[in-house]
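# Structural overview
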Amino acid sequence: MTSIDSPEQVRSRLEQTGYLVDDGLAIACFLALRLHRPVFCEGDAGVGKTALASALAEALDAPLIRLQCHEGIDASQALYDWDFPRQLLHLRAAEAAGVRDAERLERELYDRRFLVARPLLRALQTQPSVLLVDEIDRADDEFEAFLLELLSEFQVTIPELGTLRAEVPPVVVLTSNRTREVHDALKRRCLYHWFDHPGFGRELAIVRRRLPQVSARLAEQVTALVQALRAEDLLKPPGVAETLDWARALDALGANEVDAELAVVTLGSVLKYREDTDRARGLDFAAVLAGRGA
Amino acid sequence: MRNTADVTGPAQDRRAGHTTDARAGRHGEGRRPEGDAALLGFARALRAAGVAASAERVHAFLRAVDALRPGLRTDVYWAGRVTLCGDRDDLERYERVFAAYFGTDGTPARPARTTPPPRPRPVLREAPAGSRTGPPGERRQGPPTATLASSAEVLRHRDVAELDPTERAQVRRLLAAFALRGQPRRTARRRPARRGDVDPHRTVRELLRLGGEPALLRRHARAERPRRVVLLVDVSGSMGPYADALLRFAHAAARGRRTEVFTIGTRLTRVTRELSHRDPDLAMAAVAEAVPDWRGGTRLGELLREFLDRWGQRGMARGAVVVLLSDGWERGDPHLLAAQMRRLHGLAHRVIWSNPRKARPGYAPLAAGMAAALPSVDDFVEGHSLAALERLAAVVQGAGTDAAGQVPGSWERS
């Protein structure tokens, strides 16, 4: 990992990967690198929380290690496990060879070669690395408590092997969709960043950067439409991810620009609830397009 | 306020001058001590405004400012924001305190848009009548756009801690009776069990312990956990006689950790944290402090939508047992309530409506709100007495109701 010594540098590195950040996020990422603290990302779905981790990995030229959380996730899925079949085989082989030294056998059985590293352990062992703990709010509170030690000390204790510590702590990004209140003890160890929906200018820049093949006019129109949709009272306001989907969809249809009619028939790329689609139909697409048209 | 100059001063110098100088000094002489004092003072002001900026967070704040350009307003702003705040609700306060403490200088650090306004902003439907009943000193300003379902919103803090001995006795009985647990459901977590799938960890450990001799297979099974319970307690005027008892019921219920409690009146207020006081009287006092709208009118539909938008759809209502404790007197649009109830029904495992008026002789769910909601209600139960609340607890735990809403047979609490 090359050294980074200012938020501007973080920003320009991230921009090279096509991920555009504002001051706040650039500073949060810089502090994460400098203070070795995880970044805790909250915000509506589709605003680029998960994408931040892959952008950071690319910017730092480090592998991205991803842990998708779900209910009931535990240490053997997240941290490490033992390779039982191989352990048993080893035991049988030792027996066949007439090994009688039980203590030695036991030591061998819990050797590193039988250790299966799961994402968290892999992140500690891989240097440098970017660790994404995605949707932490889906895991249960037992798992949160378990993460606590790992994320503050960047070390784990495996009873049979002892304590493993990362020489260079991984850069950690945690995301949450706020389906559940994450415990303050965990948040306290993190840098908190709330993701807003981007304004017109930045969103347009993101679309242009991520989808260079889409015509400038189409990108501008789609961005304007999404911004207008967000102002409506929708169940699920579209995120940047949906803006990109919509632009991609229209581009795939061969459109260089979009009119009200085309916008309505492709609404499915942006809105995922029937109620939202109904409500959006009431929006004056033509007026929005005219506002940004020329 | 006297420290303001320490931080804004260098910031202005720097903006006017060269960008590299301040940075060069960072590792050298470091921050001036009075700069630290200013930052600590800011953290204190933030705490006073209700942001839980613990010592640990403040320490991180100082380190963060050190790592950045301490003289620069933007950097101080963001360093504080990412280290001292822990929740979206903190951001608005942070914004305010930062502006007050470091002064609003001509060029704000960033267009200060932290939180987008909560989306479902109620619209003014009925003109607020001028007659406020509270003394003028106590008057609290509601949000300017808040609609008033009743003719006057009564924004008066009610001291629910003052109860007569009979009520206290009743509360003790309630407390003894209810630790409301949701219906159990299987989770993805496993625990050792006598039957179930083979547990490779424990089996192999056993094998290894015996030096490879065949051993008993160890098994594990899915653990069970109670479902989350969400209580929505109506505290509007028409529910006045019941609100105390229902909130104390909610307090007892919230002792099971997976229970969330909201009050609905003219506003939606989350009171789970307030109810976490073990002492019921303290808890009630905290709730009285937090809930601004005792005895106002009800806008069930709009508030239910707010609940679903802000909490429910994100996951709080998903797979949960949701209980509405309300008489269903909707002063708003019943179609909206019906639509939101359908939405809730789609998310929740079970929707239970407990109506204290249901026990009245000749009651029929004719109130527009109740009638609109009923098609999306799984269990419609009474809620006027201790016995009724006991039945409600049984229904939450998974005892079904028959068509008439009665719990069949008797039940035993474990």
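Note on numbering: residues in each chain are counted from 1, in written sequence order. All chains are assigned letters beginning with A, and all ligands numbers beginning with 1, in the order in which they are written. Restriction of local features to residues with pLDDT of at least 70 applies here, the model being predicted, together with a cutoff of 80 or more for giving and counting side-chain atom pairs; totals for whole chains, interfaces and linings are based on all residues. Side-chain metrics in this entry use all non-hydrogen atoms of the structure; hydrogen atoms and water are not considered.

### Section: the packing of aromatic side chains
All names here are of chain A. Our working rule: Two aromatic rings, drawn from Phe, Tyr or Trp (for Trp, its six-membered ring), form a pair once their centres lie within 6.5 Å of each other, and the interplanar angle then sorts them: stacked below 30 degrees, edge-to-face above 60, tilted otherwise. Here a helix means four or more residues in a row that DSSP labels H or I, a strand means two or more in a row labelled E, and each is numbered from the N terminus. Only protein chains enter the area calculation, which uses a 1.4 Å probe; residues under 20% of their type maximum are buried, those over 50% are exposed, and those in between are partly exposed.
Taken as a whole, this structure holds 17 aromatic pairs over all chains when the rule is applied. When the ring of phenylalanine 40 is compared with that of tyrosine 192, the centres are 6.3 Å apart and the planes differ by 20°; the resulting orientation is stacked. In this pair, phenylalanine 40 is assigned in strand β1 (residues 39–43) and tyrosine 192 in strand β9 (residues 191–195), connecting sequence segments 152 residues apart. Residues phenylalanine 40 and tyrosine 192 agree in their burial class; the two are buried.

### Structural notes on the side chain of arginine 37 of chain A
Filter applied, for reference: The convention is simple: Lys and Arg are positive, Asp and Glu are negative, and His and the chain ends are not counted. Salt bridges are defined by distance alone: a side-chain nitrogen of Lys or Arg within 4 Å of a carboxyl oxygen of Asp or Glu. Residues adjacent in sequence count toward polar contacts only when both atoms are side-chain atoms; beyond that, a polar contact is any pair of N or O atoms within 3.5 Å, and within protein one must be able to donate a hydrogen and the other to accept it. Throughout, a contact is declared for two residues whenever any of their heavy atoms are within 4.5 Å.
Here arginine 37 of chain A lies in the loop between α2 (23–35) and β1. Buried within the structure, arginine 37 of chain A lacks any salt-bridge partner; its nearest side chain of opposite charge belongs to glutamate 56 of chain B, at an N-O separation of 4.8 Å. A polar side-chain atom of arginine 37 of chain A sits 3.2 Å from the main-chain carbonyl oxygen of arginine 188 of chain A. Contact partners of arginine 37 of chain A, with chain neighbours within four places excluded, come to Ala32, Arg188, Arg189, Cys190 and Leu191 of chain A together with Glu56 and Ala60 of chain B.

### Thoughts on the nonpolar core
Note the cut-off: Only buried Ala, Val, Leu, Ile, Met, Phe, Trp, Tyr and Cys residues count toward a nonpolar core, and they belong to the same one when joined by side-chain atoms within 4.5 Å.
Among the nonpolar cores identified, the biggest contains 101 residues, and Leu31, Ile136 and Phe143 of chain A together with Phe42 of chain B are the most heavily contacted of them. No other element matches α2 of chain A, which puts 10 residues into this core. Not counting residues up to four positions away in its chain, the partners in contact with phenylalanine 42 of chain B are Phe61, Leu84, Tyr94, Val97, Phe98, Tyr101 and Phe102 of chain B.

### Things to note about the interface of chain B and chain A
To keep things clear, this is the line we draw: Note: buried area is the sum, over both parts, of the accessible area (probe 1.4 Å) each one loses when the two are combined. Think of it as three bins: nonpolar holds Ala, Val, Leu, Ile, Met, Phe, Trp, Tyr, Cys and Pro, charged holds Asp, Glu, Lys and Arg, and polar takes everything else, Gly as well.
The interface is formed by 55 residues belonging to chain B together with 57 residues belonging to chain A. Across the chain B/chain A interface, buried area totals approximately 4,800 Å², and carbon plus sulfur atoms make up 47% of it. In this structure, aspartate 87 of chain B engages lysine 187 of chain A in a salt bridge whose closest nitrogen and oxygen atoms are separated by 3.4 Å. Linking chain B to chain A there are 8 residue pairs in polar contact (both at pLDDT 80 or more). Listed by contribution, the elements that provide at least two residues to the side of chain B that touches chain A are α2 (19–27), α4 (55–67), α5 (73–84), α6 (88–102), β1 (184–193), α8 (200–209) and α11 (300–316) of chain B. Tallied by class, the residues present in the side of chain B that touches chain A amount to 19 nonpolar, 12 polar and 24 charged.

### Quick notes on the pairing of strand β5 (residues 130–134) of chain A
Residue and element names in this part refer to chain A. Selection rule: When DSSP finds at least two bridges between two strands, those strands are taken to pair.
Taken across its 5 residues, β5 has 5 buried, putting it largely inside the fold. Here β5 shows no split at all, with Val130, Leu132 and Asp134 on one side and Leu131 and Val133 on the other all buried. Pairing analysis gives 5 bridges linking strand β2 (residues 64–68) to β5, with the strands arranged parallel. In the strand pairing of β5, leucine 67 is matched with valine 133.

### Let's talk about the pattern of salt bridges
Applying the stated rule across the entire model yields 25 salt bridges over all chains. Measuring nitrogen to oxygen at the nearest pair gives 3.2 Å for the salt bridge that ties arginine 248 of chain A to aspartate 245 of chain A. Note that arginine 248 of chain A and aspartate 245 of chain A are positioned in helix α12 (residues 240–252) at a spacing of 3 residues, about one turn of the helix. Overall, arginine 248 of chain A belongs to the partly exposed group, its relative accessible area being 38%. Using a relative accessible area of 31% as the deciding quantity, one classes aspartate 245 of chain A as partly exposed. When salt bridges with common partners are traced through the structure, they connect Glu8 of chain A together with Arg69 and Asp75 of chain B into a single cluster.

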